[in-house]
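Chain by chain, the residues run as shown.
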Amino acid sequence: MVTDAEWTRIRRGLRFGQVFEGTVVQVPRPGAIGIFVYIGLSVGGFVDVLLLPEQTEDWPTEGTVADFEIWWADSRRQIRLKPSDSHYLRNDFTDFVDRFRPNWPSEVGQPVRDPDPPPPR
């Protein structure tokens, strides 16, 4: 497990849209949660089901090597990725981004910010 200090160090070097060559290491429940991707760091990469094609036969399979971009990183100590290859993206990705993450084009190249601190209890 990665320490808080290591996660902070890794995050500081990440930028939205940064591309990693990754290997799909697990597709636990096709159509349900997404895929896990090894990108050469001590934290894992994950592509959420919302970014993948509706038809699971169009998803990359275990062992697939492809390029993935940093989509998000939060306190989960996991780097959220999106496939660079449009074949592995949901068919309406452009519309999806327009609806749910319209600032994405301007975020590409920007540092991945530290998550907001948890609210006081």
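In what follows, the structure referred to is the one given above.
Fair warning: this is a prediction, and the values are worked out from it, not measured in the lab. (Residues numbered from 1 in each chain as written. Predicted model: local features only at pLDDT ≥ 70, side-chain atom pairs only at ≥ 80, totals over all residues. Heavy atoms only, no water.)

Draft legend 1. Main features of the environment of Ser 75. Along the chain, the position of Ser 75 falls in the loop between strand E4 (65-73) and strand E5 (78-83). Sequence-wise, Ser 75 and Asp 4 are 71 residues apart; in three dimensions their C-alpha atoms are separated by 9.5 Å. (Helix = DSSP H or I, 4+ residues; strand = E, 2+ residues; numbered from the N terminus.)

Draft legend 2. Representation of the sheet that holds strand E3 (residues 44-48). Pairing is mixed around the closed barrel formed by five strands, whose spatial order is E1-E2-E3-E5-E4. Within this sheet the neighbouring strands show an average axis-to-axis angle of 55°, counted without direction. (Pairing = 2+ DSSP bridges. Axes fitted to C-alpha atoms, helices over the stretch in contact; angles between N-to-C directions.)

Draft legend 3. Structural detail: the nonpolar core. Ile 35, Val 37, Val 47, Phe 68, Ile 70, Ile 79 and Leu 81 are the most contacted members of the largest nonpolar core, which has 30 residues in total. At the level of elements, helix H1 (4-12), strand E1 (19-26), strand E2 (34-38), E4, E5 and helix H2 (93-100) are the ones that each hand at least two residues to this core. Take this core: its biggest share by element is five residues, from E4. Discounting residues that sit within four places of it in the chain, Ile 79 has contacts with Trp 7, Ile 10, Leu 14, Ile 39, Leu 41, Val 43, Gly 44, Gly 45, Phe 46, Ile 70 and Trp 72. (Core = buried A, V, L, I, M, F, W, Y, C linked by side-chain atoms within 4.5 Å. Buried < 20%, exposed > 50% of the residue type's maximum accessible area, 1.4 Å probe, protein only. Contact = heavy atoms within 4.5 Å.)

Draft legend 4. Region of the structure containing the packing of aromatic side chains. Under the definition given, this model contains six aromatic pairs. When the centroid spacing of 4.7 Å and the interplanar angle of 45° are considered together, the rings of Trp 71 and Trp 104 count as tilted. Remark: Trp 104 occurs in helix H3 (residues 104-107) and Trp 71 occurs in strand E4; sequence separation between them is 33 residues. A relative accessible area of 10% means that Trp 71 is categorised as buried. Ring geometry for Phe 96 and Phe 100: centres 5.1 Å apart, planes at 45°, overall tilted. With Phe 96 and Phe 100 both in helix H2, this residue pair falls four residues apart, about one helical turn. Stacked on the ring of Phe 16, the Lys or Arg Arg 101 has its end atom at 5.1 Å from the ring centre. The aromatic ring of Trp 71 is capped on one face by Arg 101, whose charged end is 4.5 Å from the ring centroid. (Phe/Tyr/Trp six-rings, centres within 6.5 Å; stacked < 30°, edge-to-face > 60°. Lys NZ or Arg CZ within 6 Å of the ring centre and 35° of its normal.)

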